[in-house]
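# Structural overview
Residue strings, one per chain:
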Protein chains: 2
Amino acid sequence: VRLKGGDPFIFGRGGEEIEALARSGIECEVVNGITSGLAAATAAGVPLTHRSHAQGVIFVTAHAAPGRGPDWHALAASRMTIVVYMGVARAQAVQHDLIGAGLPRSTPVLVVENATLVRERQIRTTLERLTDALTAHDIASPAVMVIGEVARAYSAGEPLANIPMNEPMPVPAFSTAPIPLHS
Amino acid sequence: VRLKGGDPFIFGRGGEEIEALARSGIECEVVNGITSGLAAATAAGVPLTHRSHAQGVIFVTAHAAPGRGPDWHALAASRMTIVVYMGVARAQAVQHDLIGAGLPRSTPVLVVENATLVRERQIRTTLERLTDALTAHDIASPAVMVIGEVARAYSAGEPLANIPMNEPMPVPAFSTAPIPLHS
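Notes on the structure in this doc start here. (Residues numbered from 1 in each chain as written. Chains lettered and ligands numbered in written order. Predicted model: local features only at pLDDT ≥ 70, side-chain atom pairs only at ≥ 80, totals over all residues. Heavy atoms only, no water.)

### Points about empty space enclosed by the protein
- Within the structure shown, the criterion is met by 1 cavity of 30 Å³ or more.
- Looking at the largest cavity, its volume works out to about 60 Å³.
- Every residue along the wall of the largest cavity is listed here: I10, G33, I34, T35, L38 and F59 of chain A together with I10, G33, I34, T35, L38 and F59 of chain B.
- A breakdown of the residues in the lining of the largest cavity according to their chemical character gives 8 nonpolar, 4 polar and no charged. (1 Å grid on protein atoms, 1.4 Å probe; cavity = no way out; pocket = protein on both sides within 12 Å on 5 of 7 lines; lining within 4 Å. Points joined across faces, edges and corners; volume = space filled by probe spheres on them. Nonpolar A, V, L, I, M, F, W, Y, C, P; charged D, E, K, R; others polar.)

Shown next as structure tokens:
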């Protein structure tokens, strides 16, 4: 068993591993998991595809070979929630490119460090203040960034548009505690 | 308990439901699940974000209010795998718009009807032949479409580029049978 966190087919290199196994004649079975971008958003009460605010969701890694990075202009134009994996080290470029591509500076951003672990931290900020917020709170990898209107997160049933931006995040109105395996 | 298939925060309206619960003062807990687009791809051996072929993955619904549909030009420009939910009824428009936006007509498309159910069917085709293939195989909702190079799917460890396009799909080199709960 090759056990991973997250999902093996979303930035998990599962594709390369089944290629190698198949070449060696080894049968395998792939079991899906909860990818960290989804888990992080849920822990903060953020519905990635709330239909009043997003046409869908994009999971993208900021970690790419030089010249092969994402087309941030296309992503900014998509009107979808953007979930960036491995983006802390490249946050300044992400911020610069998305603002340059026309995404409003006031776009909410949720940053979750160590998603779903006991030492998880959540920061809510705006695209304009993203790198400052990462520095101020000393956010390090692993962390995911959820960029878009849904990142305002919920509290007390307020519609998203009514929720003020501040740091750190308020506790959401619902629990995301893990389910005990034994009752 | 409000039990759903898939994930409540990816086209599951979980956001609207927690808003309603919070307004009524009812605490709740959100448990993530495996969204059908991911499950369908995995069942066919398709790694959504294989780093040789995609910068990431987009989950998008084709079902939207008039004039509020996805920006297919932006999605086509993104160089990412595109997973379309609820797209059968609008397949002709999706096909037309993505080709018009510059996506090659030869782009592989995987269609999975009734993903993960015993009556699941998988069809592999190209963007150019998409609507013809749906008609020929009488594909109906619910179905998801995975659009991009990764949709060639795996067999016998061949690199994606070597796999010919045909219908119906070959059985992948690994099993995606459900795990028995009791051994």
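### Re the environment of V30 of chain A
- Structurally, the position occupied by V30 of chain A is in the loop between α1 (14-23) and α2 (36-43).
- Along the sequence, V30 of chain A and R68 of chain A sit 38 residues apart, while their C-alpha atoms lie 28 Å from each other. (Helix = DSSP H or I, 4+ residues; strand = E, 2+ residues; numbered from the N terminus.)

### Points about the pattern of salt bridges
- Considering all chains together, one arrives at 8 salt bridges over all chains under this definition.
- In this structure, E16 of chain A engages R51 of chain B in a salt bridge whose closest nitrogen and oxygen atoms are separated by 3.0 Å. Highlighted residues: E16 of chain A in helix α1 and R51 of chain B in the loop between α2 (36-43) and β1 (56-61), drawn from two different chains.
- Classification of R51 of chain B by relative accessible area gives partly exposed; the value is 47%.
- Note that R105 of chain A is salt-bridged to E128 of chain A, the shortest N-O span being 3.9 Å. Of this pair, R105 of chain A sits in the loop between α4 (91-100) and β3 (108-113) while E128 of chain A sits in the loop between β4 (121-126) and α5 (130-136), and the two are 23 residues apart along the sequence.
- The partly exposed category is assigned to E128 of chain A, whose relative accessible area is 44%. (Salt bridge = Lys/Arg side-chain N within 4 Å of Asp/Glu carboxyl O. Buried < 20%, exposed > 50% of the residue type's maximum accessible area, 1.4 Å probe, protein only.)

### Quick word on the interface of chain A and chain B
- Contact residues are listed per partner, giving 60 residues for chain A and 60 residues for chain B.
- Interface area, chain A with chain B, both sides summed: about 4,700 Å², of which 57% is carbon and sulfur.
- Of all residues in chain A, the largest losses of buried area upon contact with chain B belong to F9, R51 and Q55 of chain A, amounting jointly to 13% of the total for that side.
- Linking chain A to chain B there are 2 salt bridges.
- Taken together, the elements giving at least two residues each to the side of chain A that touches chain B come down to α1, α2, β1 (56-61) and α3 (72-77) of chain A.
- Residues of the side of chain A that touches chain B, tallied by class, amount to 33 nonpolar, 15 polar and 12 charged. (Contact = heavy atoms within 4.5 Å. Buried area = accessible area lost by both parts, 1.4 Å probe.)

### Section: the environment of V83 of chain B
All names here are of chain B.
- Relative to the helices and strands, V83 is located in strand β2 (residues 81-85).
- It is 8.8 Å that separates the C-alpha atoms of V83 and G148, two residues lying 65 residues apart in sequence.
- What V83 contacts, discounting residues up to four positions off in sequence, is G37, L48, V57, I58, F59, V60, M145 and V146.

### Examining the layout of surface pockets
Residue and element names in this part refer to chain B.
- As a volume, the second largest pocket reaches approximately 980 Å³.
- Every residue lining the second largest pocket is counted, 42 residues in all, and those nearest its centre are F11, G12, T61, Y85 and M86.
- Those elements that provide at least two residues to the lining of the second largest pocket are α1 (14-23), α2 and β5 (143-147).
- Here the lining of the second largest pocket takes 3 residues from α1, the largest share from any one element.
- Of the residues belonging to the lining of the second largest pocket, the class tally is 18 nonpolar, 16 polar and 8 charged.

### A few points about the relation of the copies chain A and chain B
- Screw-axis analysis of chain A against chain B gives a translation of 0.0 Å along the axis, an RMSD of 0.0 Å, and a rotation angle of 180 degrees. Such values leave the two copies arranged in the relation of a two-fold axis.
- Looking at the interface residues of chain A, 100% of them are also at the interface in chain B, so both copies use one shared face. (Least-squares fit on C-alpha atoms with pLDDT ≥ 70 in both.)

### Structural notes on the sheet that holds strand β5 (residues 143-147) of chain A
- Here we have 10 strands laid out as an open sheet, ordered β4(A)-β3(A)-β5(A)-β2(A)-β1(A)-β1(B)-β2(B)-β5(B)-β3(B)-β4(B), and mixed in their pairing. The two strands at the open ends of the sheet, each matched to only one other strand, are β4 of chain A together with β4 (121-126) of chain B. Recorded for the sheet is a direction-independent mean angle of 15 degrees between the axes of neighbouring strands.
- Where β1 of chain A meets β1 of chain B, 5 bridges bridge the pair, whose relative direction is antiparallel. Directly across from V60 of chain A, in β1 of chain B, lies its bridge partner G56 of chain B. (Pairing = 2+ DSSP bridges. Axes fitted to C-alpha atoms, helices over the stretch in contact; angles between N-to-C directions.)

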